[in-house]
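Chain and residue survey
So the chains spell out like this:
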Amino acid sequence: MDAMAESQGNRIIVVGGVAGGASAAARARRCDEHAEIILFEKDEYVSFANCGLPYFIGEEITERSKLLVATPELFRNRFNIDVRTRHLVQSINVENKTVSVLNRESGEVSEEPWDRLILSTGAAPITPPLPGIESENVFTLRNLNDADAIKAFIAEHGCQKAVVVGAGFIGLEMVEQLHHLKLETDLVELQPQVLPPLDPEMARLVQNELTDHDIKVHLGTAVVTIQTENNTATGVELGNGTQIAADLVILGIGVSPAIELAQAAGIEIGERGGIAVNDFMQTSHPDVYAVGDAVEYQHGVLETPHRIPLAGPANRAGRIAGQHAASTKADPMIAPMGTAIVRVFGITAAVTGLSKKFADRSQCKNRSIIVVGKHHAGYFPGAQQLFLKLTYDPETGRILGAQSVGREGVDKRIDVIATAMKFKGTVRDLAGVDLCYAPPFGSAKDPVHMAAFVACNDLDELTRIIEVDADLSGYQILDVRSQQEVDTFRFPEITHIPVDELRGRLGELDASRPIITVCHSGMRAYIAARILQQSGFENVHNLTGGMLMQRFARPELFD
């Protein structure tokens, strides 16, 4: 007999659908043909593409039906799974192994027994207790009903102005889509940068793309009041006193894990506020599993529990929970690293693992370098600039994280690095990774390789890196660009010697003082640093990312 189908009469109840719950139910059936599987979903739709909702609102996705990944009929006919929508699980009795379920259509309440219980309760959008928050045109975006309501309000009221609160992934997607609908849009973010998972200088690339598309960006301030008239929001007031008129307001300021059901049942809640689970997605009660945005996963780099509310981990966790609930056997959950990506008009931004600021906050020793390259061979038509930041352990070289921003090729660079990180790869491993190459697709020395080469040089002290946001006071800054480049923008006090003239002009430098070499993006400065280090200069550093990244790291110097 198939080892996965040994259990007879196993009754599995899944609470919640979408990514985690639907995946769990389907996997449980594939592993146990004889189990009774019931999925309770409190809303109308059991499995829908919630990540596609902003694009449906902006009419980039035109057919609503394409967002419906699976219907109750498909679950019943193909998988013999009993899906009951508009059924709310109100409580769990872990001793008697029952759940209390409210039929939201009839009002009837029933007690349902289970042998294994899988919780996929998700997360709820955060709605701060602000004056005016209950206005009819203040929206959050969690499900299809929310998307329908936003679309309908825009169409019925001829909206022209919108305010989006929160510059994370969902907020940025909504800004882009509202702009597509020709709404004048303001973006408000409490943090001093957009896209907080990125480091500030990388996020500024995204901010510039927003402002280039006439998005008004308000950073470092919060909405304190939603101004209303007849229960309709007419604008918002910010903490800095700014008032913004609006026909609708969309909140994208994060999510809170839906843990109330588990907590009331006495199931352990982790220190980060999510449901605590083991590698097989079992909770503190071994017959109760939890998956998705409500749980805490072991972080793939930090190896401590963190909430990572992303669709990829939710789907994978659901698969593991479903298999283990059906058969008591499964491969353990591979710790996710928060790999995520977003398109903002013409550019893409992606991240995996730790940013530098996240590493600093987590007290991880770290170093970071930045390279600027092309997404494919520079001589092949259409080559686009790509920024790649690599963060690593300065002692072991282990890759801790990466960020990339560009118009093309961002996703594959971050995916490659995320894969290396899964195997605890080092920058030396990354330097030797064998990537496909032809001029339309990449370069013989890909930006991934170049980032790894720079990090290896730093570790080997061939050239020591100064990070993009470091304090440069006390250094003599050697700018090795051309005169034309220097005249365009520069640090206030520099020694200017073009790299091709450096060997004959070493006497112009003070060998007793520490030197930082700078150029446009770092390559010529690296060559200059090697010349100096082999000519009797001992304290030489290369400014990573060059003057190009200084425009984004220290914009105040160049305004």
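Use the structure listed above.
The model shown is predicted, which means the values in this text are computed figures rather than measured ones. For every chain, the first residue of its written sequence is number 1, and the numbers climb from 1 along that sequence. Where totals are concerned, whole chains, interfaces and linings use all residues; where local detail is concerned, this predicted model gives features only for residues with pLDDT of at least 70, and gives and counts side-chain atom pairs only at 80 or more. Think of the side-chain values as coming from all heavy atoms in the structure, minus any hydrogens and water.

Further remarks concern helix H15 (residues 546-553). Across the eight residues of H15, six count as buried, placing the element largely inside the fold. Each residue is placed in one exposure class: buried if its accessible area under a 1.4 Å probe, protein chains only, is under 20% of its type's maximum, exposed if it is over 50%, and partly exposed if it falls in between. The helix and strand labels rest on DSSP assignments: H or I over at least four residues marks a helix, E over at least two residues marks a strand, and numbering proceeds from the N terminus. If you check which residues of H15 are buried, you get Gly546, Met547, Leu548, Met549, Gln550 and Phe552. Among the structural elements, helix H6 (200-212), strand S26 (367-374), strand S27 (385-392), strand S32 (515-518) and strand S33 (540-543) are those in contact with the buried residues of H15. What makes two residues a contact is simply this: any of their non-hydrogen atoms within 4.5 Å.

The strand order across the open sheet built from three strands is S6-S7-S8, with neighbouring strands paired in antiparallel fashion. At either end of the open sheet lies a strand with only one pairing partner, and these are strand S6 (87-93) and strand S8 (109-113). Adjacent strand axes in the sheet meet at a mean angle of 30° when their direction is disregarded. Pairing between strands is defined by DSSP: at least two bridges between them are needed. Here strand S7 (residues 98-103) runs beside S8; their pairing, made up of five bridges, is antiparallel. Paired with Thr98 across the two strands is Pro113, which belongs to S8. As a rule, the C-alpha atoms of each element are fitted with a line to give its axis, helices using only the stretch in contact, and angles between N-to-C directions run from 0 to 180 degrees.

We now examine helix H8 (residues 311-327). To estimate the expected span of a helix, subtract one from its residue number and multiply by 1.5 Å. Counted at 1.5 Å a residue, the expected span for H8 with its 17 residues is 24 Å, and the 24 Å between its end C-alpha atoms agrees. Judged by how many residues are buried, H8 sits mostly within the fold: twelve of 17 residues are covered. Pro313, Ala314, Ala317, Gly318, Ile320, Ala321, Gly322, Gln323, His324, Ala325, Ala326 and Ser327 are the residues of H8 that are buried. Those residues of H8 that are buried are in contact with strand S1 (11-15), helix H1 (18-31), strand S9 (116-119), strand S21 (288-290) and strand S22 (295-298). Positive phi shows up at Thr328, right after H8, with a value of about 65°.

A few words now on the sheet that holds S33. Pairing is parallel across the open sheet formed by five strands, whose spatial order is S29-S33-S32-S30-S31. Only two strands of the sheet have a single partner each, and these edge strands are strand S29 (464-466) and strand S31 (495-496). Bridge count between S29 and S33: three bridges; the pairing is parallel. Each bridged residue has a counterpart across the sheet, and for Ile466 the counterpart in S33 is Leu543. On top of the sheet, helix H14 (residues 523-533) reaches S29, strand S30 (476-479), S32 and S33; it is set at about 145° to S32, its chief contact.

Take the environment of Val371 next. Within the secondary structure layout, Val371 lies in strand S26. Considering only alpha carbons, one finds Val371 and Ser521, 150 residues apart in sequence, at a separation of 7.0 Å.

Most of strand S25 (residues 347-353) is tucked away, with seven of its seven residues classed as buried. Examined bridge by bridge, strand S24 (residues 340-344) and S25 share five bridges and lie antiparallel to one another. By the bridge assignment for S25, Ile341 is matched with Ala350. Counting the residues between successive antiparallel strands, the hairpin from S24 to S25 contains two residues, one of them, Phe345, with a positive phi of roughly 55°.

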